[in-house]
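Now for the letters of each chain:
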Amino acid sequence: MIRTFLASLALTLSLAVPAMAQDKEAECRKIGQIATNIMTERKNGSNARRAERRILRNIPNKSKNDEVLAVQLVDWIYSLPEAQLTPEVSNALYQTCMSQ
């Protein structure tokens, strides 16, 4: 399930992440942090809608692409089994983003 999502996310990331390496790394870190924040919301008992609102409110330098990506990440992370809510999720997103 993680691999399937990461494959479909690759296209979205290629549109959302700037070409410059320094900017790209910052954007990829931001994506990983968004995923970590969503997992924290879920572990703290927030429902998906509440988590989405909180995450969107707290994204620094938010763009429209960030909003779209965050909504997709909320849906995906809330569909994962609880056992898969590990730092590996954020790391995999970061690595996928950096490889684009």
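Residues numbered from 1 in each chain as written. Predicted model: local features only at pLDDT ≥ 70, side-chain atom pairs only at ≥ 80, totals over all residues. Heavy atoms only, no water.

1. A short note on the packing of helix 3 (residues 48-57) against helix 4 (residues 64-79)
Each packed pair of helices is defined by two parameters, the angle between the axes and the distance between the axes. The geometry of helix 3 relative to helix 4 is characterised by a closest axis approach of 10 Å and an angle of 145° between their N-to-C directions. The handedness of the crossing between helix 3 and helix 4 is right-handed. Counting all contacts with helix 3, which are made through A48, A51, E52, I55 and L56, the residues of helix 4 involved are E67, A70, V71, V74 and Y78. Within the contact of helix 3 with helix 4, the residues separate by chemical class into eight nonpolar, no polar and two charged. (Axes fitted to C-alpha atoms, helices over the stretch in contact; angles between N-to-C directions. Helix = DSSP H or I, 4+ residues; strand = E, 2+ residues; numbered from the N terminus. Left-handed = near helix turned anticlockwise from the far one by under 90°. Contact = heavy atoms within 4.5 Å. Nonpolar A, V, L, I, M, F, W, Y, C, P; charged D, E, K, R; others polar.)

2. As for helix 3
Every buried residue of helix 3 is listed here: A51, E52, I55 and L56. Down the axis of helix 3, the buried side of the element spans an arc of 125°, and every buried residue falls inside it. (Buried < 20%, exposed > 50% of the residue type's maximum accessible area, 1.4 Å probe, protein only. Arc of directions from axis to C-beta.)

3. Quick word on the pattern of salt bridges
What the rule picks out here adds up to six salt bridges. Linking D66 and K30 is a salt bridge whose minimum nitrogen-to-oxygen distance equals 2.7 Å. Remark: K30 occurs in helix 2 (residues 21-43) and D66 occurs in helix 4; sequence separation between them is 36 residues. With a relative accessible area of 4%, D66 lands in the buried category. Relative accessible area serves as the criterion here: at 11%, K30 is assigned to the buried category. (Salt bridge = Lys/Arg side-chain N within 4 Å of Asp/Glu carboxyl O.)

4. Quick word on the layout of surface pockets
Its boundaries defined by the atoms lining it, the largest pocket holds a volume of some 160 Å³. Lining of the largest pocket is provided by K30, Q33, I34, N37, T40, E41, R54, I55, N58, I59 and P60. Broken down by secondary-structure element, the contributors of at least two residues to the lining of the largest pocket are helix 2 and helix 3. Residues belonging to the lining of the largest pocket are distributed by class as follows: four nonpolar, four polar and three charged. (1 Å grid on protein atoms, 1.4 Å probe; cavity = no way out; pocket = protein on both sides within 12 Å on 5 of 7 lines; lining within 4 Å. Points joined across faces, edges and corners; volume = space filled by probe spheres on them.)

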